[in-house]
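As a plain string of letters, each chain reads:
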Amino acid sequence: MKTPNTVEIIPFSPDLKEPIKTLNIEWLKKYFRVEDQDELVLSNPQEEIIDKGGMIFYAKYNNEILGTASLMKIDGTTFELSKMAVSDKAQGLGIGNKLLNHCIAVAKENNIKKLLLYSNRILLPAIHLYEKFGFVEVPLGNVSYERADIKMEKIMT
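Residues numbered from 1 in each chain as written. Predicted model: local features only at pLDDT ≥ 70, side-chain atom pairs only at ≥ 80, totals over all residues. Heavy atoms only, no water.

Colleague: What's the story with the overall build of the protein chain in this structure? I'm lost.
Modeller: A count of helices and strands for the protein chain gives 5 helices and 7 strands. The order of α-helices and β-strands along the protein chain, N terminus first, is β-α-α-α-β-β-β-α-β-α-β-β. In summary, the protein chain has a C-alpha radius of gyration of 15 Å against a globular reference of 15 Å for 157 residues, a match within 12%. If you line up the protein chain on its principal axes, its C-alpha atoms span 45 × 35 × 30 Å. Here the protein chain holds 157 residues, and the buried ones make up 46% of them. Residue pairs in contact within the protein chain that sit at least 24 positions apart in sequence constitute 62% of those at least 6 positions apart. When the accessible area of the protein chain is evaluated, it comes to approximately 8400 Å², of which 51% is carbon and sulfur surface. Put simply, the protein chain has 20 plus and 21 minus side-chain charges, and the middle of one group is 4 Å from the middle of the other. (Helix = DSSP H or I, 4+ residues; strand = E, 2+ residues; numbered from the N terminus. Rg over C-alpha atoms; globule rule 2.2 N^0.38 Å. Buried < 20%, exposed > 50% of the residue type's maximum accessible area, 1.4 Å probe, protein only. Contact = heavy atoms within 4.5 Å. Areas by Shrake-Rupley, 256 points an atom, 1.4 Å probe, with all protein chains shown as cover. Lys, Arg positive; Asp, Glu negative; His and termini not counted. Charge placed at Lys NZ, Arg CZ, Asp CG, Glu CD.)

This is the structure:
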């Protein structure tokens, strides 16, 4: 039984195509800008994430989608934690923690060996969250997002 005022993590479904876009665009416009690659992926989550072997999750609170995170398939054992965003009005509810916890649990269930992510050093709360969950900085290498200045990964054990 679901109780009100609890955060529930639910999977992507075609009728929930819009929240990944609206939440991420809101976040991107606040801190950076929407790049062409963002527009492509966020406008076509089914084709760009799900159909390519990835997963999208939403945080639902009081019947409203207030957060999202994706696992985008790189290869059979490596996925990128991507498109993570939480609405400003939901700050303090622990949604980022819950989404990250869920993504890591799903990665373990699916025998994913490594999670990686790209971020920006100005996003200190996000970097601290990733570190808390065992992500460590690795060399940036080639990156497709101009806002990314840090790459982190977590080897799943």
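Colleague: For this particular structure, what's the right way to read the pairing of strand 5 (residues 114–119)?
Modeller: In regular strands, side chains alternate between the two faces of the sheet. Judged from the 3 bridges that link them, strand 4 (residues 78–86) and strand 5 form a sheet pairing that is parallel. If you follow T78 over to strand 5, its bridge partner there is K114. Taken together, strand 4, helix 4 (residues 95–109) and strand 5 constitute a β-α-β crossover, and its handedness is right-handed. In the sheet, strand 5 pairs with strand 7 (residues 150–155) via 6 bridges, with the strands oriented antiparallel. Within strand 7, the position partnered with K114 by the bridge is I155. (Pairing = 2+ DSSP bridges. Right-handed = clockwise from strand over helix to strand, strands pointing away.)

Colleague: Can you help me understand the sheet that holds strand 1 (residues 7–11) in this one?
Modeller: Two orientations exist for strands paired in a sheet by backbone hydrogen bonds: parallel and antiparallel. Across the sheet, which stays open at both edges, the 7 strands sit in the order 1-2-3-4-5-7-6 with mixed pairing between neighbours. Of all strands in the sheet, those with a lone pairing partner are strand 1 and strand 6 (136–138), marking the two edges. Here the strands of the sheet are splayed against their neighbours by 30 degrees on average, with no regard to which way each runs. Running over the sheet, helix 5 (residues 124–132) touches strand 4, strand 5 and strand 7 and is turned about 20 degrees from strand 7. (Axes fitted to C-alpha atoms, helices over the stretch in contact; angles between N-to-C directions.)

Colleague: Is there a simple way to think about the side chain of T68 in this case?
Modeller: Relative to the elements of secondary structure, T68 occurs in strand 3 (residues 64–73). Judged by its relative accessible area of 0%, T68 is buried. With near-sequence residues (within four places) excluded, T68 lies in contact with I20, L23, N24, I56, F57, Y58, K83, M84, A85 and L99.

Colleague: Just checking my understanding: could you explain unusual backbone geometry for this structure?
Modeller: Glycine aside, residues mostly have negative phi angles, and peptide bonds mostly take the trans form. A positive phi angle is found at N63, which is not glycine, with a value near 65 degrees. Within the secondary structure, N63 sits in the loop between strand 2 (55–61) and strand 3. Judged by its relative accessible area of 73%, N63 is exposed. For K83, which is not a glycine, the phi torsion comes out positive at approximately 50 degrees. Its location among the elements puts K83 in strand 4.

Colleague: Quick question: what am I supposed to make of helix 4 here?
Modeller: A turn of α-helix holds 3.6 residues, and therefore any two residues three or four places apart point the same way. In this model helix 4 runs 21 Å from its N-terminal to its C-terminal C-alpha over 15 residues, within 8% of the 21 Å that 1.5 Å per residue would give. Regarding helix 4, the residues found buried are I95, G96, L99, L100, C103, I104, V106 and A107. On an axial view of helix 4, the arc spanned by its buried residues comes to 165 degrees, and they lie on one face. N111 occupies a position one or two residues after helix 4 and carries a positive phi of about 55 degrees. (Expected span 1.5 Å × (residues − 1). Arc of directions from axis to C-beta.)

Nothing here speaks to function; it is geometry throughout.
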